[in-house]
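Here's the letter readout for the chains.
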Amino acid sequence: MRIIFTLLTVSACFASATTLEVLRVFQPLSLHGTDVDHDFKGEAVQAHIFARPMVLSGAMPENLVLAVATPHRMPATFNYEVNECNLLTLFQVELSGIMGDSGELEVSFDLAKMQVPEGVDLSIRTVLSLSIQALKKTLEDYHHPENKPLKVKITIEGTTKKNRSLRDLSGGFVVTG
């Protein structure tokens with residue numbers, strides 16, 4: 001009996017518990033290759049924010065932030081096949097999030113490697129605005145009303161002289177549930 005107890009104790013030390021959750025994540029998706037456009041701030045654009053279910057684990061809400069920027073390929077049909085639709089991936093904008101010591105979620109959009117892809121007729125300002133909205137919707141969907149409000153700080157990093165004005169998109173919002 002002592003041997004069985006010892007083996008169970010040793011095996012428990014090697015086992016790691018991971019909570020897997022199915023969550024709704026909103027992403028800014030390009031609609032290039034389709035005949036559809038959507039109104040965004042009074043302008044017709046071939047992009048929209050769509051939700052998709054994802055299985056996530058680990059640090060939350062940090063991994064939710066990362067999920068907004070994960071690649072997304074829409075299923076192909078006989079006359080539609082586009083390899084990538086997530087605007088953050090297409091424009092090579094890196095997204096990161098970390099919980100600060102004050103309990104504020106610090107989210108950074110890094111434009112250092114940003115490139116405008118061929119065939120996607122959108123400004124980087126529109127891409128960032130859609131992405132910030134997608135992030136807000138994702139965090140609002142995840143946040144539980146019984147939790148205290150979540151302060152989110154947005155920073156735009158890696159700008160150049162040409163796109164320095166994008167820093168005005170920095171700021172933040174509060175998620176209340």
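See the structure above.
Residues numbered from 1 in each chain as written. Predicted model: local features only at pLDDT ≥ 70, side-chain atom pairs only at ≥ 80, totals over all residues. Heavy atoms only, no water.

Draft legend 1. Broad picture of the layout of surface pockets. Its volume calculated, the largest pocket comes out at about 180 Å³. Pro61, Met99, Gly103, Leu139, Tyr142, His143, His144, Asn147, Lys148, Pro149 and Leu150 together form the lining of the largest pocket. Among the residues forming the lining of the largest pocket, the class breakdown is 6 nonpolar, 4 polar and 1 charged. (1 Å grid on protein atoms, 1.4 Å probe; cavity = no way out; pocket = protein on both sides within 12 Å on 5 of 7 lines; lining within 4 Å. Points joined across faces, edges and corners; volume = space filled by probe spheres on them. Nonpolar A, V, L, I, M, F, W, Y, C, P; charged D, E, K, R; others polar.)

Draft legend 2. Main features of a negative patch on the surface. On the surface, Asp37, Asp39, Glu43 and Asp121 cluster together into a patch of negative charge. Following the sequence through the fold, Asp121 ends up in the loop between β6 (105-110) and α4 (124-142). Note on Asp121: relative accessible area 77%, which makes it exposed. (Patch = residues over 30% accessible without salt bridge, like charges linked within 9 Å, V, L, I, M, F, W, Y side chains within 5 Å. Areas by Shrake-Rupley, 256 points an atom, 1.4 Å probe, with all protein chains shown as cover. Salt bridge = Lys/Arg side-chain N within 4 Å of Asp/Glu carboxyl O. Lys, Arg positive; Asp, Glu negative; His and termini not counted. Charge placed at Lys NZ, Arg CZ, Asp CG, Glu CD. Helix = DSSP H or I, 4+ residues; strand = E, 2+ residues; numbered from the N terminus. Buried < 20%, exposed > 50% of the residue type's maximum accessible area, 1.4 Å probe, protein only.)

Draft legend 3. Structural view of the environment of Gln92. When you line up the elements, Gln92 lands in the loop between α3 (87-90) and β5 (94-99). When the C-alpha atoms of Gln92 and Leu111 are compared, they prove to be 7.6 Å apart, with 19 residues separating the residues in sequence. With residues near it in sequence (within four places) discarded, Gln92 still touches Asp110, Lys113, Met114 and Gln115. (Contact = heavy atoms within 4.5 Å.)

Draft legend 4. The arrangement of the environment of Asn83 in detail. In this structure, Asn83 sits in the loop between α2 (62-68) and α3. Note on Asn83: relative accessible area 58%, which makes it exposed. In sequence terms Asn83 and Pro71 are 12 residues apart; their C-alpha atoms lie 9.4 Å from each other. Apart from residues lying up to four places away in sequence, Asn83 is in contact with His72 and Arg73. A polar contact of 3.3 Å, which involves the side chain of Asn83, links it to the side chain of Arg73. (Polar contact = N/O pair within 3.5 Å; in protein donor to acceptor, adjacent residues only side chain to side chain.)

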